[in-house]
Amino acid sequence: QMAETVTKRLKKMARIAPTETQVAMIYDNFTPQIFMQLEGFGYCKRGEAKSYIADGNCDLDGKSPLSPNGGHIGEGYIHGMNLISEGVRQARGTAANQVKNVEHVFLGSGVAGAIIGAC
């Protein structure tokens, strides 16, 4: 899966993994993509995404808050731009649904990823 390759590259180049960030902004053009990407980016093992989400890990106060703006489903499908904007707001501390103590935000799709940091 491409997400696994992206994760390896981020660990090597940025020296931080998606799971080490405080917010995950994952491209969600279709709901099943979230399950596959949570597993591929290392948040949980293969086949465990459903339980990982159900256990509250992706909630605003969870282990890895996922798209506090509602992602594409909640905010509109603008080909990832709204995910980037929300990631920047989270890093700045100005988001409407602000996650506490954000130092890094993971921006990811199945084929690409970036980690941005608070200034």
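Everything below is about the structure shown above.
About the cut-offs
- Residues numbered from 1 in each chain as written.
- Predicted model: local features only at pLDDT ≥ 70, side-chain atom pairs only at ≥ 80, totals over all residues.
- Heavy atoms only, no water.
- Helix = DSSP H or I, 4+ residues; strand = E, 2+ residues; numbered from the N terminus.
- Rg over C-alpha atoms; globule rule 2.2 N^0.38 Å.
- Patch = residues over 30% accessible without salt bridge, like charges linked within 9 Å, V, L, I, M, F, W, Y side chains within 5 Å.
- Areas by Shrake-Rupley, 256 points an atom, 1.4 Å probe, with all protein chains shown as cover.
- Salt bridge = Lys/Arg side-chain N within 4 Å of Asp/Glu carboxyl O.
- Buried < 20%, exposed > 50% of the residue type's maximum accessible area, 1.4 Å probe, protein only.
- Contact = heavy atoms within 4.5 Å.
- Phe/Tyr/Trp six-rings, centres within 6.5 Å; stacked < 30°, edge-to-face > 60°.

1. Re the overall build of the protein chain
Tallying secondary structure elements over the protein chain gives five helices and three strands in all. Helices and strands appear in the protein chain in the N-to-C order α-β-α-α-α-α-β-β. Its C-alpha atoms give the protein chain a radius of gyration of 13 Å, near enough to 14 Å, the size a compact globule of 119 residues would have. Dimensions of the protein chain along its principal axes, counting C-alpha atoms only, are 35 × 30 × 25 Å.

2. Focus on the environment of Gly 93
By secondary structure assignment, the location of Gly 93 is in the loop between α5 (81–92) and β2 (104–109). Taking the C-alpha atoms as reference points, Gly 93 and Pro 32, separated by 61 residues in sequence, lie 29 Å from one another.

3. So, a nonpolar patch on the surface
Where nonpolar side chains cluster on the molecular surface, the patch consists of Ile 78, Met 81 and Ile 84 and spans about 270 Å² of accessible area. One can find Ile 78 in the loop between α4 (71–75) and α5.

4. Here we look at the pattern of salt bridges
With the rule as written, the count across this model stands at three salt bridges. In this structure, Arg 89 engages Glu 75 in a salt bridge whose closest nitrogen and oxygen atoms are separated by 3.8 Å. Taken together, the residues span a long stretch of sequence, with Arg 89 in helix α5 and Glu 75 in helix α4 at a distance of 14 residues. The exposure class of Glu 75 is partly exposed, given its relative accessible area of 37%.

5. A closer look at helix α2 (residues 31–40)
Within the span of α2, buried status applies to Ile 34, Gln 37, Leu 38, Glu 39 and Gly 40. Summarising the contacts, the buried residues of α2 are in contact with α1 (2–13), β1 (23–26), α3 (49–54) and β2. Just downstream of α2 lies Gly 42, where phi reads positive at about 90°.

6. Looking at the packing of aromatic side chains
The relation between two aromatic rings is expressed through the spacing of the ring centres and the mutual angle of the planes. Following the criterion strictly, the structure yields one aromatic pair and no others. With a centroid separation of 4.7 Å and 75° between ring planes, the pair formed by Phe 41 and Phe 106 is classed as edge-to-face. A residue pair is termed long-range when its members are at least 10 positions apart, and Phe 41 in the loop between α2 and α3 and Phe 106 in strand β2 qualify at 65 residues. Owing to a relative accessible area of 1%, Phe 41 belongs among the buried residues under this scheme. Take Phe 106: its relative accessible area is 0%, and that puts it in the buried class.

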